[in-house]
Amino acid sequence: MENNASPDPDLDRRMAARLKTLRQDRGWSLDDLAGRAGVSRATLSRLENAEVSPTASVLGKLCAAYGMTMSRLMLMVEDDFVAWVPERAQAVWVDESVGFRRRSVSPPAQQLAGEVLACELAANARIAYDHTPRPGLEHHLLMLDGELSITVDGQAHDLRPGDCLRYQLFGASAFATPPHSGARYLLFIV
C-alpha cells in the first residue's frame, strides 16, 4: 500500500484556522461545540491553535456537529477548485494514530455533487464515526487491496478486492481491518 504523495505540511495550520472560523461563525463557544460534538474543550482549543493534528474520529464528530462531510471540510482548507487534479496536487491527510491515509483524488466543488477519495487503512486498525455528517449521504466503496470490515447502521460487511459496497448513511459507521491485512479502497461520495 505504497503511495508517493506526501502530506501537505500546512494542512494542520489551515485546518485549525477553518475549525475556529466554523465555530465562531455559528457564535458557539468552545464549551458549546464540546457539548455538540462530544469532544473535550481542551482538545478543541489545541486543535484550533494547531497544537495537535485532528484524528479521523474527532474530525467525524466535528463534521457531524457542523452538518457537513469530512471532504467538504477538507475542501474548505484546500486550494480553489480546478478541473484537472494531478496526483501530486491531491491533498493528503494522515491520521497516524490509527494508520489512516486519505487522498482527495477528486475533491468536492460547488458545481459538482460527487467526490472521490483514495483511502488506506493499516492492518489491525479501526475508525468509528458516531454520526453521519448528513443523513442519507450516498457512498460507493470499491475495494482495491486487502480486507476491510465495514459496519453501517449496525450491519457488518466484509469486503475483499473487487467488492463494491453501496449505501446511504443515516447513523453510525465503522471501518476495521484484521491483524494480518490492511486495506486500500476508493470511496465515491455523492
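Note on numbering: residues in each chain are counted from 1, in written sequence order. Local features in a predicted model are, by the rule used here, given only for residues with pLDDT of at least 70; side-chain atom pairs are given and counted only at 80 or more, and totals for whole chains, interfaces and linings are based on all residues. Calculated side-chain values reflect all of the structure's heavy atoms, with hydrogen atoms and water omitted.

A. Region of the structure containing the overall build of the protein. Working definition: helices are DSSP H or I runs of at least four residues, strands are E runs of at least two. Numbering for both runs from the N terminus. Counting its secondary structure elements, the protein contains 5 helices and 10 strands. In terms of C-alpha radius of gyration, the protein reaches 16 Å, essentially the compact-globule figure of 16 Å for 190 residues. In terms of overall dimensions, the protein has C-alpha extents of about 45 × 35 × 30 Å along its principal axes. Here, residues are in contact when the closest pair of their heavy atoms is within 4.5 Å. Taking contacts inside the protein between residues at least 6 apart in sequence as the whole, the part at least 24 apart equals 65%. Reported accessibility uses the Shrake-Rupley method at a 1.4 Å probe radius. Residues are deemed covered only where the shown protein chains occlude them. Element-wise, carbon and sulfur atoms account for 47% of the exposed surface of the protein, whose accessible area totals about 9,600 Å². As used throughout, the charge tally considers Lys and Arg to be positive and Asp and Glu to be negative, leaving His and the chain termini uncounted. Charge coordinates come from a single atom per side chain, which is NZ of Lys, CZ of Arg, CG of Asp or CD of Glu. In the protein, 20 positive and 24 negative side-chain charges are present, and the distance between their average locations comes to 4 Å. Only C-alpha atoms enter the radius of gyration, while the globule expectation follows 2.2 Å times N to the 0.38, with N the number of residues.

B. Molecular detail of the nonpolar core. Within this scheme, the nonpolar core is defined by two criteria: the residues are buried Ala, Val, Leu, Ile, Met, Phe, Trp, Tyr or Cys, and they are joined through side-chain atoms within 4.5 Å. Each residue is placed in one exposure class: buried if its accessible area under a 1.4 Å probe, protein chains only, is under 20% of its type's maximum, exposed if it is over 50%, and partly exposed if it falls in between. Ranked by internal contacts, the top residues of the largest apolar core, which has 47 residues, are L62, L141, L148, F175 and Y185. If we ignore the near neighbours within four places in the chain, the residues touching L148 are L121, L141, M143, H157, D158, L159, F175, A176, T177, A183 and Y185.

C. Looking closely at the sheet that holds strand β3 (residues 115-121). For two strands to be treated as a pair, DSSP must find at least two bridges joining them. Overall, antiparallel pairing links the 6 strands, which are arranged β1-β2-β3-β10-β5-β8 in an open sheet. Of all strands in the sheet, those with a lone pairing partner are β1 (92-95) and β8 (164-169), marking the two edges. Here the average twist between neighbouring strands, direction ignored, is 20°. Pairing analysis gives 7 bridges linking β3 to strand β10 (residues 183-189), with the strands arranged antiparallel. Pairing of V116 across the sheet is with F188, part of β10. Angular values range over 0 to 180 degrees, each being the angle between N-to-C directions of two axes fitted as lines to C-alpha atoms, with helices fitted over their stretch in contact.

D. Quick look at the packing of helix α1 (residues 11-25) against helix α5 (residues 70-77). Running from amino to carboxyl end, α1 crosses α5 at an angle of 110°, the nearest separation of the two axes being 9 Å. With respect to their mutual orientation, α1 and α5 come out roughly perpendicular. Residues L11, R14, M15, R18, L19 and L22 of α1 pack against L73, M74, M76 and V77 of α5. Looking at the contact of α1 with α5, its residues break down into 8 nonpolar, no polar and 2 charged. Comment on the angle field: the value is read as roughly parallel under 35 degrees, roughly antiparallel over 145, roughly perpendicular from 65 to 115, and oblique elsewhere. Under the convention adopted here, Pro, Cys and the residues Ala, Val, Leu, Ile, Met, Phe, Trp and Tyr are nonpolar, Asp, Glu, Lys and Arg are charged, and Gly plus all remaining residues are polar.

E. Representation of the sheet that holds strand β6 (residues 148-152). A sheet is described by the order of its strands in space; here 4 strands give the open sequence β4-β9-β6-β7, paired in antiparallel fashion. Both edges of this open sheet fall to β4 (126-129) and β7 (155-159), since each of them pairs with a single strand only. Averaged over neighbouring strand pairs, the angle between their axes works out to 10° when direction is ignored. In the sheet, β6 pairs with β7 via 5 bridges, with the strands oriented antiparallel. Each residue of the ladder has a partner; that of I150, found in β7, is H157.

F. Inspection of empty space enclosed by the protein at higher detail. Buried and open spaces are told apart on a 1 Å grid over the protein atoms alone, a cavity being a set of points where a 1.4 Å probe fits but cannot get out and a pocket being an open set with protein on both sides within 12 Å along at least five of seven lines. Residues with an atom within 4 Å of a point are the lining residues. Grid points are joined across faces, edges and corners, and a volume is the space filled by probe spheres set on the points. Scanning the entire structure with this criterion turns up 1 cavity of 30 Å³ or more. The calculated volume of the largest cavity comes to roughly 330 Å³. Lining the largest cavity we find 23 residues, and of these M70, Y129, H139, L187 and I189 sit closest to its centre. Residues belonging to the lining of the largest cavity are distributed by class as follows: 14 nonpolar, 8 polar and 1 charged.

G. Looking closely at the pairing of β1. The sheet contact formed by β1 and strand β2 (residues 100-106) spans 4 bridges and is antiparallel. Within β2, the position partnered with V92 by the bridge is R103.

H. Spatial organisation of the environment of S57. Within the fold, S57 resides in helix α4 (residues 56-66). For S57, a relative accessible area of 28% translates into the label partly exposed. Spatially, the C-alpha atoms of S57 and G171 are 14 Å apart, while their sequence positions differ by 114 residues.

I. Geometry of the confidence of the model for the protein. Across the chain, each position has a pLDDT score giving the predictor's confidence in that residue, from 0 to 100. Summing up the model confidence of the protein, the mean pLDDT is 88 and the portion of residues at 70 or higher is 91%. In this model, residues 1-6 is a region of pLDDT below 50 whose contacts with residues beyond four sequence positions or in other chains number 15 contacts.

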